[in-house]
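As a plain string of letters, each chain reads:
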Amino acid sequence: MSVYKKEFFGIARKIVSNMTAQSWEEIPHVTASYEADVTDMMKYYKKLNEGVTNRADKITINTLVLKILCEGIKTSPKMNTTLEFNRKLVRGTLIYHDKIDVSMPMILKTGEMMTVNMHDLGSKSLLGIAHAINDTSRRANNSNMDEVMYEVSLDNTLQGLRKGKIGQTICRLYGSKMPGKHQVHTLTGNAKKEYYSIPVKDRLTKYDIEQGTTTISNFGSVYRGQKGECFMLEIIPPQTTAFAVSAIQDRPTVVKDENGNKKIEIRQIMPITVAIDHRALDYGDCKPFFEKLDEIFAHPEIILKWRENA
């Protein structure tokens, strides 16, 4: 086997690989796919941006999807929980959250992928969500992501130490700070002083990177030409749900005409994959969520009221 290159994980990849490995090791996943017919909704979506000249005020499909999913989550409180579970003692505690904080992957101008915490999206209008995303993107592009990620990693490590995870703490510190190819390099000296002189309002901090109460990934925003949908989707502990939104695609669909007769039409379908932690939720707990989505897509004119009203 010939080898032409070796790539050693940076801190962002280390965190992602560790959390996703923990996800599949610990969480019994259940996934379901929801095929949203957005044909009629897209007509109303175009109206959302009519007469809007300021780019910061434009509503994207991603913004609309985040709002739709938050509206669904509001009807199913168990889908906005985190779980504390001790398998040895078989003890579990489900923690309900009154705010929907969405962990959302974002592509930076450098091409890097970073998951940010969009706080309290459930209370925001479409315009509020758009402004929050734009501001986070602006601050991310002013940030040294290795520095931000190290702050988060160090905080998580210290939390583990406080919980008595001494072995884990030692291994993490050894793996990140021992000199060598795997060492995590952070800013020092004048470079560090200069970076931290940037006002907090103009850069990301660990508050912006810390875990949310659920994760929403929009595959369609990364690759609009995507065909198919997501089937395997990891839940990041201690969250109990995760969502993946695929690109809008033309698909043959069975619909009813005005007389109730069935026929096949080419419709615009947006597949949504929902993953739940089966330790905490059953499919029945998600029924109100799916019913709310049914209601929204059956009456898409509702999105016009969301532009400036939560």
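The rules behind the values
Residues numbered from 1 in each chain as written. Predicted model: local features only at pLDDT ≥ 70, side-chain atom pairs only at ≥ 80, totals over all residues. Heavy atoms only, no water. Helix = DSSP H or I, 4+ residues; strand = E, 2+ residues; numbered from the N terminus. Rg over C-alpha atoms; globule rule 2.2 N^0.38 Å. Buried < 20%, exposed > 50% of the residue type's maximum accessible area, 1.4 Å probe, protein only. Contact = heavy atoms within 4.5 Å. Areas by Shrake-Rupley, 256 points an atom, 1.4 Å probe, with all protein chains shown as cover. Lys, Arg positive; Asp, Glu negative; His and termini not counted. Charge placed at Lys NZ, Arg CZ, Asp CG, Glu CD. Patch = residues over 30% accessible without salt bridge, like charges linked within 9 Å, V, L, I, M, F, W, Y side chains within 5 Å. Salt bridge = Lys/Arg side-chain N within 4 Å of Asp/Glu carboxyl O. Polar contact = N/O pair within 3.5 Å; in protein donor to acceptor, adjacent residues only side chain to side chain. Axes fitted to C-alpha atoms, helices over the stretch in contact; angles between N-to-C directions. Parallel < 35°, antiparallel > 145°, perpendicular 65-115°, else oblique. Left-handed = near helix turned anticlockwise from the far one by under 90°. Nonpolar A, V, L, I, M, F, W, Y, C, P; charged D, E, K, R; others polar. Core = buried A, V, L, I, M, F, W, Y, C linked by side-chain atoms within 4.5 Å. Expected span 1.5 Å × (residues − 1). Arc of directions from axis to C-beta.

*Asks:* Which parts of the structure should I look at to understand the overall build of the chain?
*Replies:* Secondary structure assignment for the chain yields 10 helices and nine strands. A compact globule built from 310 residues should have a C-alpha radius of gyration of about 19 Å, and the chain, at 21 Å, falls within 12% of that. Its C-alpha atoms give the chain principal-axis dimensions of about 75 × 50 × 50 Å. Counting only residues that meet the buried cut, the chain has 42% of its 310 residues in that class. For the chain, restricting intrachain contacts to residue pairs at least 6 apart in sequence, the fraction spanning at least 24 positions comes to 69%. Carbon and sulfur atoms make up 53% of the accessible area of the chain, which amounts to about 17,800 Å² in all. In the chain, 43 positive and 37 negative side-chain charges are present, and the distance between their average locations comes to 5 Å.

*Asks:* Hey, could you run me through a nonpolar patch on the surface in this one?
*Replies:* A surface patch of nonpolar side chains, amounting to about 420 Å² of accessible area, comprises I107, M113, V222 and Y223. Looking at the secondary structure, you find I107 in strand β4 (residues 102-107).

*Asks:* Explain the side chain of T273 here, please?
*Replies:* Within the secondary structure layout, T273 lies in strand β9 (residues 262-277). By relative accessible area, which is 1% here, T273 ends up buried. Polar side-chain contacts of T273 include one of 2.6 Å to the backbone oxygen of C230. Those residues in contact with T273 that lie beyond four places of it in its chain are A32, S33, C230, L233, A242, F243 and A244.

*Asks:* Before we go on, may I ask you to explain the packing of helix α3 (residues 61-74) against helix α4 (residues 126-140) in this structure?
*Replies:* Each pair of packed helices can be summarised by the angle the axes make with each other and by the distance between the axes. Remark: α3 packs on α4, axes separated minimally by 9 Å, with the N-to-C direction vectors making an angle of 120°. One element, α3, and the other, α4, form an angle in the oblique class. In the packing of α3 onto α4, the handedness of the crossing is right-handed. Only L126, I129, A130 and I133 of α4 make contact with α3, whose side of the interface consists of N62, T63, L64, L66 and K67. Of the residues in the contact of α3 with α4, the class split is six nonpolar, two polar and one charged.

*Asks:* What should I look at first to understand the nonpolar core in this one?
*Replies:* In a soluble, globular protein the nonpolar side chains are often hidden away together inside. Ranked by size, the top nonpolar core spans 61 residues in total, and within it L69, I209, F289 and F297 carry the most contacts. When neighbours within four sequence positions are excluded, F297 is seen to be in contact with Y34, A36, D37, V38, M41, I68 and M270. I27, L233, A242 and A275 belong to the second largest nonpolar core, which has seven residues in total.

*Asks:* Any chance you could explain helix α1 (residues 11-26) here in plain terms?
*Replies:* Note on helix geometry: an α-helix contains 3.6 residues per turn, so any two residues three or four positions apart are oriented the same way. With 16 residues, α1 extends 22 Å from end C-alpha to end C-alpha; this agrees with the ideal 22 Å at 1.5 Å per step. Taken together, the buried positions of α1 are I11, I15, T20 and S23. For α1, the angular spread of buried residues about the axis comes to 155°, placing them on one side.

*Asks:* For this particular structure, what's the right way to read the pattern of salt bridges?
*Replies:* Between side chains of opposite charge, a pair can form as their charged atoms come close. Under the defined criterion, the tally for this structure stands at 18 salt bridges. The shortest N-O distance in the salt bridge between E71 and K67 comes to 3.1 Å. With E71 and K67 both in helix α3, this residue pair falls four residues apart, about one helical turn. K78 is the salt-bridge partner of D285, the closest N and O atoms lying 3.7 Å from each other. Of this pair, D285 sits in the loop between β9 and α10 (287-298) while K78 sits in the loop between α3 and β2 (81-86); the two residues are 207 residues apart in sequence, bridging distant segments of the chain. Taken together, the salt bridges that share partners define one network made up of D37, D40, K43, K263, E265 and R267.

*Asks:* I'm lost on the environment of N141 in this one. Help?
*Replies:* Tracing the chain through its elements places N141 in the loop between α4 and α5 (145-162). Spatially, the C-alpha atoms of N141 and D208 are 13 Å apart, while their sequence positions differ by 67 residues. Residue contacts for N141: discarding those within four places in its chain leaves L108 and K109.

*Asks:* What is the right way to look at α3 in this model?
*Replies:* Helix length check: α3, at 14 residues, gives a terminal C-alpha distance of 20 Å against a target of 20 Å (1.5 Å per residue), a fit within 8%. Within α3, the full set of buried residues consists of N62, T63, L64, V65, L66, K67, I68, L69, C70, E71, G72 and I73.

*Asks:* Would you explain the environment of P105 in this entry?
*Replies:* Residue position: P105 is located in strand β4. Sequence spacing of P105 and F219 is 114 residues, and the spatial spacing of their C-alpha atoms is 9.6 Å.

*Asks:* How should I be thinking about the side chain of R139 in this particular structure?
*Replies:* On the secondary structure map, R139 appears in helix α4. When sequence neighbours within four positions are dropped, the list of residues in contact with R139 reads V200, K201, D202, R203, L204 and D208.

Such coordinate-based values are descriptive only and should not be taken to indicate function.
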